[in-house]
Amino acid sequence: MAGPTPEFQFVSKIEAIAREAGALLLGYFHQRVKIEYKGDVDLVTVADRASEKLIVDRVRATWPGYDIVGEEGTRDESGSDYRWYIDPLDGTTNFAHGYPVFCVSMGLEHRGEMLAGVLYDPTRDELFAAEKGKGAYLNGAPIHVSATKRLCESLLATGFPSHKRHKNPNIHFYHEITLHSHGVRRAGSAALDLANVACGRYDGFWEFNLNPWDTSAGTLLVTEAGGRVTRYDGSTWRMDSKETLASNGLIHDEMMRAFEAIFSGKEMEPLPSPEEWARMPK
């Protein structure tokens, strides 16, 4: 039987804000708000900005003087030892198209280390929370990474950018890792992918060029749940890292070896032609 949830310094207050923002998003989601564009493909909705405003207002009132970096443009940077990373709606494209996979993500950094993080998925009413040194939780119950030991038996997750995805190297990684694992999923929310590694639904996750608001809470969840987060070569992952590799720890070295082979062009399997695919046993 699980022991009592530890006393959190920040999480309980963050949870309340995340739930409030999630309820706001859910209201907009059911209305199917008008899609707007901030780039060639990147989607922004009224809900993004409304959620960020709500979160920023609550954070400023509760923790005055803390720095804030928000995905939708909020920048309060005074040199505080504490910095919030806020993604008011991770999974914007899903949200805009009525696909119910998105979340609110809030992470608190202290002098370069993640201190606390919360992810809230309002469509499933799942709230993930972690505070440094106190474990990771889903709706108040402790969570832990999976026990899968081999890449070939692993279910993994990754993502692709909305803009210029045809130029992103991850398509080669997706191809190779799909061949060497039990499967790769692309759900459209890096934050939720990391949360799903933390609770053992996925065995690993990787992605290029994520932003701090995508990863701040999720990476803390993974490490507090017993997993491992590094760059692709195993070097220390930092908030500004352009490579994120998260896993249950047991398959981490095998994933790094696979990435090294892909980068070097070794052991790359060519794509079959349609004719060759048609002849393959089903």
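Here, residues in each chain are numbered from 1, in the same order as that chain's written sequence. Where local features are concerned, this predicted model is filtered to residues with pLDDT of at least 70; where side-chain atom pairs are given and counted, the filter is 80 or more; whole-chain, interface and lining totals use all residues. By convention in this description, side-chain values take in all heavy atoms of the structure and omit both hydrogens and water.

## Some thoughts on the UniProt feature "binding site: Mg(2+) 1" (unreviewed entry) in the protein
Within this numbering scheme, the UniProt entry marks Glu-71, Asp-87, Leu-89 and Asp-214 as carrying the feature "binding site: Mg(2+) 1" (unreviewed entry). Taking the farthest pair of C-alpha atoms as the criterion, the annotated set spanning 144 residues converges on one region, since that pair is 9.8 Å apart. Looking at the element boundaries, Glu-71 is found in the loop between β3 (67–70) and β4 (75–76). Within the secondary structure, Asp-214 sits in helix α6 (residues 212–224). You can call Asp-214 buried: its relative accessible area is 10%. In this description, contact between two residues means that some pair of their heavy atoms is separated by no more than 4.5 Å. Not counting chain neighbours up to four residues away, the residues in contact with Asp-214 comprise Asp-87, Asp-90, Ala-190, Ala-191 and Leu-194. Whenever two N or O atoms come within 3.5 Å, that pair is a polar contact, provided that in protein one can donate a hydrogen and the other can accept it, and provided that, for residues adjacent in sequence, both atoms are side-chain atoms. A distance of 2.8 Å separates a polar side-chain atom of Asp-214 from the backbone nitrogen of Asn-211. UniProt positions are given in the numbering used here, feature names are shortened, and annotations may be inferred rather than shown by experiment. Each helix is a run of DSSP H or I of at least 4 residues and each strand a run of E of at least 2, with the numbering of both proceeding from the N terminus. Only protein chains enter the accessibility calculation, which uses a 1.4 Å probe. A residue is then buried if its area is under 20% of the maximum for its type, exposed if over 50%, and partly exposed in between.

## A word on the pairing of strand β11 (residues 155–158)
Paired strands, in this sense, are two strands between which DSSP finds at least two bridges. Strand direction decides the pairing type here: β11 and strand β12 (residues 183–185), joined by three bridges, are parallel. Counted as the bridge partner of Leu-155 is Gly-183 from β12. Of the strand pairs in this sheet, β11 and strand β13 (residues 204–208) are connected by three bridges, and their pairing is parallel. Counted as the bridge partner of Ala-157 is Phe-205 from β13.

## Details of the sheet that holds strand β10 (residues 141–142)
Pairing within the open sheet is mixed, and its eight strands lie in the order β4-β3-β5-β6-β7-β8-β9-β10. Sheet topology places β4 and β10 at the edges, where each strand pairs with a single neighbour. Bridge analysis of strand β8 (residues 126–131) against strand β9 (residues 136–138) gives three bridges, and the strand direction is antiparallel. Within β9, the residue paired with Ala-130 across the bridge is Ala-136. Comment: axis = line fitted to C-alpha atoms, over the contacting stretch for helices; angle = value between 0 and 180 degrees taken between N-to-C directions. The sheet strands contacting helix α5 (residues 190–198) are β5 (82–90), β6 (103–110), β7 (113–121) and β8, and the helix crosses β7 at an angle near 100°.

## What to know about α6
Under the 1.5 Å per step criterion, the end-to-end length of α6 is 18 Å for 13 residues, consistent within 8% with the ideal 18 Å. With respect to burial, α6 is a largely interior element, 11 of its 13 residues being buried. Every buried residue of α6 is listed here: Pro-212, Trp-213, Asp-214, Thr-215, Ser-216, Ala-217, Gly-218, Thr-219, Leu-220, Leu-221 and Val-222. Residue Gly-226 follows α6 closely and has a positive phi angle near 95°. To estimate how far a helix should extend, the number of its residues minus one is multiplied by 1.5 Å.

## With respect to the packing of aromatic side chains
The criterion for an aromatic pair is that two Phe, Tyr or Trp rings (for Trp, the six-membered ring) have centres within 6.5 Å, with stacked assigned to planes under 30 degrees apart, edge-to-face to planes over 60 apart and tilted to the rest. Taken as a whole, this structure holds 16 aromatic pairs when the rule is applied. Ring geometry for Phe-160 against Tyr-174: centres 5.7 Å apart, planes inclined by 65°, an arrangement best described as edge-to-face. Within this pair, whereas Phe-160 is found in the loop between β11 and α4 (170–180), its partner Tyr-174 is found in helix α4, the two being separated by 14 residues in sequence. Residue classification places Tyr-174 among the partly exposed residues on the basis of a relative accessible area of 27%. Taken together, a centroid distance of 5.1 Å and an interplanar angle of 70° make the contact between Phe-173 and Phe-259 edge-to-face. Highlighted residues: Phe-173 in helix α4 and Phe-259 in helix α7 (residues 252–264), separated in sequence by 86 residues. Exposure remark for Phe-173: the relative accessible area of 2% places this residue in the buried category.

## With respect to helix α2 (residues 46–62)
With 17 residues, α2 extends 25 Å between its outermost C-alpha atoms, agreeing within 8% with the 24 Å of an ideal straight helix rising 1.5 Å per residue. Considered for burial, the residues of α2 that qualify are Ala-47, Asp-48, Ala-50, Ser-51, Glu-52, Leu-54, Ile-55, Val-56 and Val-59.

## Description of the environment of Met-114
Along the chain, the position of Met-114 falls in strand β7. Classification of Met-114 as buried rests on a relative accessible area of 10%. Sequence separation between Met-114 and Arg-238 is 124 residues; the distance between their C-alpha atoms is 9.8 Å.

## Brief notes about the nonpolar core
By nonpolar core is meant a set of buried Ala, Val, Leu, Ile, Met, Phe, Trp, Tyr and Cys residues that side-chain atoms within 4.5 Å join together. In terms of nonpolar packing, the biggest core is built from 35 residues, with Leu-119, Phe-128, Ile-143, Phe-205, Leu-221 and Val-222 touching the most fellow members. Taken together, the elements giving at least two residues each to this core come down to β7, β8, β9, α5 and α6. With seven residues, α5 is the single largest residue contributor to this core. Each domain's extent was defined by an automatic or database domain assignment. For this core, the two domains that each supply at least three residues are domain 1 (10–142) and domain 2 (151–264).

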